[in-house]
Amino acid sequence: MGRLWRREGWRLAALVAAGALLGWPFAAIPTGIAVGLALCLAFHLRQLNALYQWLTHRPQEEPPAASGLWGELFDRLYRYQKSQRITQQRLRSTLQRIQESSEAMRDSVVMLDRHGDLEWWNSAAEQMLGFQPQQDRGQHITNLLRDPRFVDYFHGRDYREPLTLTSPIDESRILQFQITLYGDDERLVMARDITRLHRLEQMRRDFVANVSHELRTPLTVLAGYLETYTDMADQLPPRLGRGLSSMQAQTERMQNLVDDLLLLSRLEIDRGGRHDGPLDMAALLEAVRHDAEALSGGRQVISVEDTATRTLIGNAKEIRSALSNLAFNAVRYSGDGCHIVLRWRARGDGACLEVQDDGEGIDPVHLPRLTERFYRVDKGRSTATGGTGLGLAIVKHVLLRHDARLEIDSRPGRGATFRCVFPAGRLQEAPQPQRA
């Protein structure tokens, strides 16, 4: 490239010198130099015009023939243009394959720009969501999916969990929406038809609720007769008396299991919110502490800490059930001589209920599955302590109904902390005690 620039420099110098020589006999050296420069300018203007004509009218053809610096420039532009054309072709091919694969999917795929306007969608979106290519392109998605829950989900920008709604064009279809952020704040919306899974889950819930309800009556009758015979244990042979005690313990355990199953079914089916109100957190903590001490029988030290300045808005029975389950688990599994703390404190913009113990702790491998129904870390020990295996599942569903989440911190030998984290929207300033 430096050689070409030197050649252009020598060419310009030669034109200036030739013009000066031509003007010297006529005593018009400046005029001769001007003529030489004009010839150089005309040459470059001609090449610029050729470049303009090529880029404007014949960009797909080969560049104009030229030599020197202009020839090198034409060649570089042509190679760059050719590489860009290949890149664009490759991108178009990739985009076409992506669109073809998305078109083949049974799930709806919708691409949105940074403003939330529709850019592209597959045919499944037309069938599930009712989008029309001729009318809806460029529309904001909340103009077409107007369910308030979807609008809140879209603007909330918290897409860690999917959203389940009915189809806007067919209420018998249940769709699960998942939004993913990508690129320059653009969004990819995917909707999956989970109608069959939803119906199977509903059948499971109904089955569990019906079976639990049907078991309650015979268990109550059985428990009544066993209690009657237990009162007569002094008149029975010792061997039969031990059998009656074992039968009574197992019947009580089955009653607790049925009660937990019924409660869990109600939490799953009922949306709740009708009986929410401000709670007296100090009284709630003391009541649960009293129940936990009765279960402990003095084997553990149980204390209460209440440092939050705001109170919780929720269902008193459900929150007490969740806190009781956590406290009773701590009593059952922390071990003798341990210290258990029931705590209500501020955490960021919200607040949290904590149950902390300094017992044996839990191996982290078990933490992701602790809220599953009937999951037990130590099956033999859990059966011996009388647990049903549903306590943490109940806690999870209670928290979901209160817009909260459960966090578990534990390490073997370092105890465990079960934390119920509530958002600011579930809190209000606690009433100040009135002066006498």
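Rules used in this analysis
Residues numbered from 1 in each chain as written. Predicted model: local features only at pLDDT ≥ 70, side-chain atom pairs only at ≥ 80, totals over all residues. Heavy atoms only, no water. Phe/Tyr/Trp six-rings, centres within 6.5 Å; stacked < 30°, edge-to-face > 60°. Helix = DSSP H or I, 4+ residues; strand = E, 2+ residues; numbered from the N terminus. Buried < 20%, exposed > 50% of the residue type's maximum accessible area, 1.4 Å probe, protein only. Lys NZ or Arg CZ within 6 Å of the ring centre and 35° of its normal. Pairing = 2+ DSSP bridges. Axes fitted to C-alpha atoms, helices over the stretch in contact; angles between N-to-C directions. Contact = heavy atoms within 4.5 Å. Arc of directions from axis to C-beta. Polar contact = N/O pair within 3.5 Å; in protein donor to acceptor, adjacent residues only side chain to side chain. Core = buried A, V, L, I, M, F, W, Y, C linked by side-chain atoms within 4.5 Å. Left-handed = near helix turned anticlockwise from the far one by under 90°. Nonpolar A, V, L, I, M, F, W, Y, C, P; charged D, E, K, R; others polar. Expected span 1.5 Å × (residues − 1).

Peer 1: Describe in detail the packing of aromatic side chains, supporting the description with residues and values.
Peer 2: Tallied over the entire structure, the rule returns five aromatic pairs. When the ring of Trp121 is compared with that of Phe131, the centres are 5.6 Å apart and the planes differ by 75°; the resulting orientation is edge-to-face. Taken together, the residues Trp121 in strand β2 (residues 118-121) and Phe131 in the loop between α4 (123-129) and α5 (133-136) connect sequence positions 10 residues apart. With a centroid separation of 6.3 Å and 65° between ring planes, the pair formed by Trp344 and Phe422 is classed as edge-to-face. Of this pair, Trp344 sits in strand β9 (residues 339-347) while Phe422 sits in strand β12 (residues 416-422), placing them 78 residues apart in sequence. A residue is classified by how much of its surface remains accessible, and Phe422, at 2% relative accessible area, is buried. One aromatic cluster is present, built from ring pairs that chain together Phe150, Phe154 and Phe177. We note Arg137 situated over the ring of Trp121; from NZ or CZ to the ring centre the distance is 4.9 Å. The positively charged end of Arg187 is found above the aromatic ring belonging to Phe154, 4.4 Å away from the centroid.

Peer 1: So what's going on with the pairing of strand β1 (residues 108-112)? Residues and values would help.
Peer 2: Most of β1 is tucked away, with four of its five residues classed as buried. Pairing between β1 and strand β5 (residues 186-193): five bridges, direction antiparallel. Residue pairing in the sheet places Val110 in a bridge with Val189 of β5. Between β1 and β2, which pair antiparallel one after the other, the connecting turn spans five residues, and Gly116 there sits at a positive phi close to 90°.

Peer 1: Any chance you could break down the sheet that holds β9 for me, citing the residues and the numbers?
Peer 2: Overall, mixed pairing links the five strands, which are arranged β7-β9-β10-β12-β11 in an open sheet. Taken across any chain shown, the strands that pair with only one partner, and hence form the sheet edges, are β7 (301-306) and β11 (405-410). The mean angle between the axes of side-by-side strands here comes to 15°, regardless of whether they run parallel or antiparallel. As paired elements, strand β10 (residues 350-357) and β12 share seven bridges and run antiparallel to each other. Bridging across to β12, Ala351 finds its partner in Phe422. Sitting on the sheet, helix α10 (residues 281-296) is in contact with β7, β9 and β10, with an inclination near 175° to β7. Those strands touched by helix α11 (residues 316-333) are β7, β9, β10 and β12, and its axis lies near 25° from that of β10.

Peer 1: So, helix α7 (residues 148-156): which residues are in play, and what are the values?
Peer 2: Of the positions making up α7, those classed as buried are Phe150, Tyr153 and Phe154. In a view along the axis of α7, the buried residues occupy a sector of 95°, so they form one face of it. Every exposed residue of α7 that faces more than 90 degrees away from the buried side is listed here: Pro148, Asp152 and Gly156. Against β1, α6 (141-144), β3 (163-166), β4 (174-182) and β5 lie the buried residues of α7. One side-chain oxygen of the residue at the start of α7 lies 2.9 Å from the amide nitrogen of Arg149, identifying that residue as Asp147. Backbone geometry just downstream of α7 places Arg157 in the positive-phi region, at approximately 60°.

Peer 1: For the nonpolar core, give the residues involved together with the corresponding values.
Peer 2: Proteins that are soluble and globular tend to have nonpolar side chains buried together. One finds Trp344, Leu353 and Phe422 to be the most contacted residues of the largest nonpolar core, which totals 46 residues. Residue assignment for this core shows that the elements contributing at least two residues are α9 (238-269), α10, α11, β9, β10, α13 (391-401) and β12. No other element matches α11, which puts eight residues into this core. Residues contacting Leu353, with those up to four places away along its chain left out, are Met281, Leu285, Ile319, Leu323, Arg343, Trp344, Phe418, Arg419, Cys420 and Phe422. Core analysis: the second largest hydrophobic core is formed by 21 residues, Val110, Leu112, Phe131 and Ile179 among them.

Peer 1: Which residues make up the packing of α11 against α13, and what values go with them?
Peer 2: What describes two packed helices is the angle between their axes and the distance between those same axes. One can describe the packing of α11 onto α13 by two numbers: an axis separation of 9 Å at closest approach and a directional angle of 145°. As for the relative orientation of α11 and α13, their crossing is left-handed in sense. Between α11 and α13, the residues in contact are Glu318, Ile319, Ser321, Ala322, Asn325, Leu326 and Asn329 and Gly391, Leu392, Ile394, Val395, Val398 and Arg401, respectively. Partitioning the contact of α11 with α13 into residue classes produces seven nonpolar, four polar and two charged.

Peer 1: Please provide a residue-by-residue account of the side chain of Arg419, values included.
Peer 2: Tracing the backbone through its elements, the reader meets Arg419 in strand β12. A polar contact of 2.9 Å, which involves the side chain of Arg419, links it to the side chain of Asp409. Each residue touching Arg419, except ones within four places of it in the same chain, is listed here: Arg345, Arg347, Cys352, Leu353, Glu354, Arg405, Leu406, Glu407 and Asp409.

Peer 1: How would you sum up unusual backbone geometry? Please name residues and give values.
Peer 2: One non-glycine residue with positive phi stands out, namely Arg157, at about 60°. The phi torsion at Asp403 lies on the positive side, around 60°, for a residue other than glycine. Looking at the element boundaries, Asp403 is found in the loop between α13 and β11. On the basis of relative accessibility, which here comes to 53%, the residue Asp403 falls in the exposed class.

Peer 1: Could you give an account of α11, with specific residues and numbers?
Peer 2: With 18 residues, α11 ought to run about 26 Å at 1.5 Å a step, and its terminal C-alpha atoms sit 26 Å apart, in line with that. The element α11 is extensively covered by neighbouring structure, given that 13 of its 18 residues are classed as buried. Backbone nitrogen of Lys317 and a side-chain oxygen of the N-cap are separated by 3.0 Å at the start of α11; the cap is Asn315. Gly335 sits one or two residues past α11 and shows a positive phi near 100°.

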